[in-house]
Amino acid sequence: MNANQRKRWLGLVLVFFVCVLGLSSPFQHFAAFPNELRLFSGQLKQLDYGMPVHAQVTVDPTILHVNGSKDRSLSIDLNKPISLQTEQIGETTMKLKLFGKIPFKTVKVNVVPDLRVVPGGQTIGVKVKSAGIMIVGHHQVKTAQGTKVSPGEVANLQLGDLITHINGKFINEVRKVADLAEQAGASKKPLQLKVKRGDQSFETKLNPVFDAEDQAWRLGLYIRDSAAGVGTLTFYAPDQGVYGALGHVITDMDTQTPIEVGEGQILQSHVTSINKSQNGEPGEKRAQFVKEGKVLGNIERNTSFGIFGKMDELPTHSYNEQALPVAFAEEVKEGPAELLTVVNGQKVERFSVEVVHVTKQSSPATKGMVIKITDPRLIEQTGGIVQGMSGSPIIQDGKIIGAVTHVFVNDPTSGYGCFIEWMLQDAGILLKTEGRNLKAA
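Residues numbered from 1 in each chain as written. Predicted model: local features only at pLDDT ≥ 70, side-chain atom pairs only at ≥ 80, totals over all residues. Heavy atoms only, no water.

- Looking up the chain in an unreviewed UniProt entry gives the name Stage IV sporulation protein B, with the organism given as Paenibacillus phyllosphaerae.

### Topic: the pattern of salt bridges
Next up, step 1: In the structure shown here, the tally under the stated rule is 20 salt bridges.
Next up, step 2: Among the salt bridges present, the one from aspartate 161 reaches arginine 197, with a minimum N-O distance of 2.8 Å. Placement of the pair is aspartate 161 in the loop between α3 (151-154) and β13 (162-166) and arginine 197 in strand β15 (residues 191-197), with a sequence separation of 36 residues.
Next up, step 3: Since its relative accessible area comes to 1%, aspartate 161 is described here as buried.
Next up, step 4: The partly exposed category is assigned to arginine 197, whose relative accessible area is 26%.
Next up, step 5: We note a salt bridge from glutamate 300 to lysine 310, for which the minimum N-O separation is 3.6 Å. In this pair, glutamate 300 sits in the loop between β22 (284-298) and β23 (301-303) while lysine 310 sits in strand β24 (residues 306-310), placing the two residues ten residues apart along the sequence.
Next up, step 6: Taking relative accessible area as the criterion, lysine 310 reaches 41% and is therefore assigned partly exposed. (Salt bridge = Lys/Arg side-chain N within 4 Å of Asp/Glu carboxyl O. Helix = DSSP H or I, 4+ residues; strand = E, 2+ residues; numbered from the N terminus. Buried < 20%, exposed > 50% of the residue type's maximum accessible area, 1.4 Å probe, protein only.)

### Things to note about the domain arrangement of the chain
Next up, step 1: By the assigned domains, the chain splits into domain 1 (20-112), domain 2 (116-124 + 227-427) and domain 3 (140-219).
Next up, step 2: One C-alpha centre belongs to domain 2, the other to domain 3, and the line joining them spans 38 Å. (Domains from an automatic or database assignment.)

### Some words on the sheet that holds strand β3 (residues 54-58)
Next up, step 1: Across the sheet, five strands lie side by side as β1-β8-β7-β3-β5; this open sheet has mixed pairing. Looking at which strands have only one partner, the edges of the open sheet turn out to be β1 (36-40) and β5 (73-77). Neighbour-to-neighbour, the strand axes of this sheet turn through a mean angle of 30°, independent of strand direction.
Next up, step 2: Inspection of the sheet shows β3 paired to β5 by five bridges, in the antiparallel sense. Across the sheet, glutamine 56 pairs through a bridge with serine 75, a residue of β5. (Pairing = 2+ DSSP bridges. Axes fitted to C-alpha atoms, helices over the stretch in contact; angles between N-to-C directions.)

### What to know about empty space enclosed by the protein
Next up, step 1: Volume-wise, the largest cavity comes out at about 70 Å³.
Next up, step 2: In this structure, the largest cavity is lined by Gln122, Thr123, Ile124, Leu267, Gln268, Ser269, Leu296, Pro315, Thr316, His317 and Gln346.
Next up, step 3: Of all the secondary structure elements, the ones that give two or more residues to the lining of the largest cavity are β10 (123-138) and β21 (261-275).
Next up, step 4: Per-element accounting of the lining of the largest cavity gives the leading share, three residues, to β21.
Next up, step 5: For the lining of the largest cavity, the per-class residue count stands at four nonpolar, seven polar and no charged. (1 Å grid on protein atoms, 1.4 Å probe; cavity = no way out; pocket = protein on both sides within 12 Å on 5 of 7 lines; lining within 4 Å. Points joined across faces, edges and corners; volume = space filled by probe spheres on them. Nonpolar A, V, L, I, M, F, W, Y, C, P; charged D, E, K, R; others polar.)

### Details of the side chain of histidine 248
Next up, step 1: Following the sequence through the fold, histidine 248 ends up in the loop between β20 (242-246) and β21.
Next up, step 2: Looking at histidine 248, its side chain comes within polar contact range of the side chain of serine 390, at 3.2 Å. (Polar contact = N/O pair within 3.5 Å; in protein donor to acceptor, adjacent residues only side chain to side chain.)

Given below as structure tokens:
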């Protein structure tokens, strides 16, 4: 065997041992050992890495107790579960040394105030008033000369734009626009518009055109100032008096652009029937508002993770009025879970689901998990996930982990969910941890 052959065989042997080492349980457990842990005050967490070695662990005992010890340094067996008990709010580092001498791992531990919220599941009616006049389409105005023109297009207005001011005055009511168009047309003066497009604002002039068929001054625009629908309440935080719902942003039905909320309300709603989901055709909850004079809460924000606002008290028909702990994104795991939602009337019921995939997210992003409905009763009644079910809370191991957001069109028994952590951040009741950037159903 020549030198080149020996080198080739040696390389193959090294590759083999590297592969075996990488696939070994102890190595995988080492790779899974976290660099950072986030815990709620009073929380007990257990780590199980199954490594047949002893280590010396050092930690601040005023913040964290390891295996029930109040000592700053102690010996632990990594082949046995490690118990962590938070003592008070703060940050510490947990340093591990193999055999008490070889540096092995340094874990940053951040203990944050305890947070518990009441799971929702109730179907709610949603009424939103936009922070201006939404442009949802253009139309051609027929002039006396027989030509057709859209004044809105001439003024460089696009679908999804939001008119916030006309002639220097704030406007968010469609009914007022016709009178302003008549006044401008009669006086031969253009309307001075302030328009918001995405994060940018600009000003433009719009000259109304007299419609020869309707005998009225027109802007050549289809406009809207409000939206309404049904969804599901995700949580109510009694200590802060706030709620979160839907799990996804409310968009305009025509332009699919997010609605910038000027004001809004959530109301009680009663499910009257279910249009079952089928492959290729998502179903929906049919519901009607109940006691429109009784407002459950307001709508202050419309974000990628739902709607949020103030709520004075827990709505009726809760499945359980007891507040539950919440899970950080990294705590969610594949496996069985439960879903709370309404399929008839106002009764919140519990159904079994499976978390089949979890996306590791260190910063807010939608589609955090894939869930599959496994409850035969829910599949029989709804066909799976239906529109109006978005926001239904998902519970795993006694903790709220997230909410349903979207249904898979070609497999309505499956869909996406978002992590509850991101919803709590948008609700303003869970701060981002320092050092982290942390068809709708």
